[in-house]
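# Topology and contacts: notes
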Amino acid sequence: MRATLDQLVRSLAGPFAFSGIAISQGGKDSFHVATAPDIPGKDTSIMRVASVSKIVTGLALAETVRRADLAAGFETDVSDILGWPLRHPDYPDQPITLGMLASHASCVTDAAGYEVSPKTDLRTWMATQDRRVFHAAQPGTVFEYSNLGYILLGACIERLGQGRFDLRARAYVLTPLQMLGGFNWSGVTPAHRLRAIPTYRRTADGFAAMIDRQVGPDGILDATGTPQPMGGYTLGSNTALFSPQGGLRISLKGMLRLARSLEKTDLPLLWTPDMGKMDNPHGLFDCYSHGVQVFRNPAFYPRPLIGHFGSAYGFKGGIFYDAKADMAFAYALNGVAEQDEGDALSPPERAVLNGIAAVAH
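Residues numbered from 1 in each chain as written. Predicted model: local features only at pLDDT ≥ 70, side-chain atom pairs only at ≥ 80, totals over all residues. Heavy atoms only, no water.

### A closer look at the sheet that holds strand 5 (residues 181-183)
The line we're drawing: Paired strands, in this sense, are two strands between which DSSP finds at least two bridges. Secondary structure elements are defined from DSSP: runs of H or I of at least 4 residues count as helices, runs of E of at least 2 residues count as strands, and each element is numbered from the N terminus. Axis definition: a line fitted to C-alpha atoms, limited for helices to the stretch in contact. Angles are taken between N-to-C directions and run from 0 to 180 degrees. Contacts are assigned to residue pairs with any non-hydrogen atoms lying within 4.5 Å of each other.
Read from one edge to the other, the open sheet built from three strands follows the order 3-8-5, with strand pairing classed as antiparallel. With partners counted over all chains shown, the strands left at the sheet margins are strand 3 (46-48) and strand 5, one partner each. The average undirected angle you get between the axes of adjacent strands in this sheet is 25°. Of the strand pairs in this sheet, strand 5 and strand 8 (residues 248-251) are connected by three bridges, and their pairing is antiparallel. Bridging across to strand 8, Gly182 finds its partner in Arg249. Strands strand 5 and strand 8 of the sheet are contacted by helix 7 (residues 165-174), whose axis makes an angle of about 140° with strand 5.

Structural data, given as structure tokens:
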């Protein structure tokens, strides 16, 4: 197995700045990493893992709901948590629930973007976007993937948990799993920040750092490495500061640890295809739990999977648990070519998934 996967990642070392595969099976973990010339990287190197972050946000949400002892659980009206009305303008009497936001069925969309200025609170920003933040359909009837929805979930975690999102994610998920990392570098020590790998994009002139080109020694940092002001921060006001939708920085080792944790995680199906219409152009969604994709019969893998893909700024990867093989795995391809950054699975990703499936025993 090791030789097969080592050969596979080496074959990707030219097209990608960093390629890595990690597998946990039979009580043993194996890591396979290769990098392009002059680009350092190991299985402990920390990078932005895009929408894999949603798993940690979803797990933090579930623990927050449990500790808050909400009678309605995931059916709780988000407006009651935020302290201001989050309502579709055409369906003002229809509550938008935690479960709808967590499963991308709230009809909150990314049509207006989701880059909220640190000086603007979410409520004000949402009001200025008007209808652009909502799908035309009734909440709860359409699955449409939404990063903005996870920023709103971060605000709910803060309001319910009475603590900053980044700190709640650390206390509820990262620390119990003994994972080094944090959202937008929150809590990552100076020594571990030295292990940072930028998120690269492959251009005609080579690999260009898109995210984390410079990583300061402390503080919350945005994608350019600029420190974010935290003085006077109000809980629930603007969790875009922490990028709960995609700003988690962890290593390949951390990704595998997160994948293995899914074996023992309760994952209620908050969305299934029979609940309504699905916006699923690349066939990469089936059922959805709180931050976790659930594939009952995936077209890209021979057995059911739970986990999440990530794709942004030149990174493609994912973490998954294969229950039938009792195997957890993670992969990271950093340095995707400009023309290959669509959401559909790329040929290298399919090769990685095929290689991982083949070595299960």
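Structure shown, so let's carry the discussion forward.
### A look at the state of the cysteines
Selection criterion: The disulfide definition used here is simple: a pair of cysteine sulfur atoms within 2.5 Å.
One pass over the structure, following the stated rule, counts zero disulfides. With no disulfide of its own, Cys107 has Cys156 as its nearest cysteine by sulfur position, at a separation of 16 Å.

### Re the pattern of salt bridges
For clarity, the cut-off: Within this document, salt bridges are pairs made up of a side-chain nitrogen of Lys or Arg and a carboxyl oxygen of Asp or Glu, the two lying within 4 Å of each other. Partly exposed residues are those whose accessible area sits between 20% and 50% of the maximum for their type, while under 20% is buried and over 50% is exposed, using a 1.4 Å probe and protein chains only.
Scanning the model with the defined rule gives 11 salt bridges in all. Asp326 serves as the salt-bridge partner of Arg260, at 3.0 Å between the closest nitrogen and oxygen. Of this pair, Arg260 sits in helix 9 (residues 252-261) while Asp326 sits in the loop between strand 13 (315-322) and strand 14 (327-334); the two residues are 66 residues apart in sequence, bridging distant segments of the chain. Here Arg260 falls in the partly exposed class, since its relative accessible area comes to 22%. Here Asp326 falls in the partly exposed class, since its relative accessible area comes to 34%.

### Things to note about a positive patch on the surface
Here is the rule: For patches, a residue must show more than 30% relative accessible area and have no salt bridge; joins then use 9 Å for like charges and 5 Å for nonpolar side chains, namely Val, Leu, Ile, Met, Phe, Trp and Tyr. The accessible surface values rely on the Shrake-Rupley method and a 1.4 Å probe; as for residues, cover is taken only from the protein chains in view. When charges are counted, Lys and Arg contribute as positive and Asp and Glu as negative, whereas His and the chain ends are disregarded. Note that the charge is assigned to NZ on lysines, CZ on arginines, CG on aspartates and CD on glutamates.
A cluster of like positive charges, contributed by Lys42, Arg195, Lys253 and Arg257, occupies part of the molecular surface. Within the secondary structure, Arg195 is located in the loop between helix 8 (190-193) and strand 6 (199-203). With a relative accessible area of 35%, Arg195 lands in the partly exposed category.

### Some thoughts on the environment of Ser186
Structurally, Ser186 can be placed in the loop between strand 5 and helix 8. The exposure class assigned to Ser186 is buried, which follows from its relative accessible area of 5%. C-alpha separation for the pair Ser186 and Gly232, spaced 46 residues apart in sequence, amounts to 17 Å. Contact partners of Ser186, with chain neighbours within four places excluded, come to Arg164, Asp166, Arg170, Gly181 and Ile220.

### Details of helix 5 (residues 122-129)
For clarity, the threshold we go by: Directions drawn from the helix axis to the C-beta atoms are what define this arc.
All of the buried residues along helix 5 are Leu122, Trp125, Met126 and Gln129. Each buried residue of helix 5 sits inside an arc of 100° when the element is viewed along its axis, so together they form one side. The exposed residues of helix 5 that point more than 90 degrees off its buried face are Ala127 and Thr128. Looking at the buried positions of helix 5, the neighbouring elements they touch are helix 6 (147-161).

### Some details on the environment of Pro139
Here Pro139 is to be found in the loop between helix 5 and strand 4 (142-143). Judged by its relative accessible area of 3%, Pro139 falls in the buried class. The spacing of Pro139 and Gly149 is 10 residues in sequence and 12 Å in space, taken between C-alpha atoms. Leaving out residues up to four positions away in the same chain, Pro139 has contacts with His88, Tyr91, Gln94, Ile96, Met100, Ala105, Ser106 and Cys107.

### Some details on the side chain of Asn184
Quick note on the threshold: N or O atoms closer than or at 3.5 Å make up a polar contact, with two conditions inside protein: a donor-capable atom paired with an acceptor-capable one, and, for residues adjacent in sequence, both atoms drawn from side chains.
As for its position among the elements, Asn184 is in the loop between strand 5 and helix 8. Classification of Asn184 as buried rests on a relative accessible area of 5%. A distance of 3.2 Å separates the side chain of Asn184 from the side chain of Ser243, its partner in a polar contact. When neighbours within four sequence positions are excluded, Asn184 is seen to be in contact with Gly219, Ile220, Leu221, Leu241, Phe242, Ser243, Gly247 and Arg249.

### Describing the sheet that holds strand 7 (residues 206-211)
With respect to topology, three strands assemble into an open sheet ordered 7-6-15, the strand pairing being mixed. With partners counted over all chains shown, the strands left at the sheet margins are strand 7 and strand 15 (336-337), one partner each.

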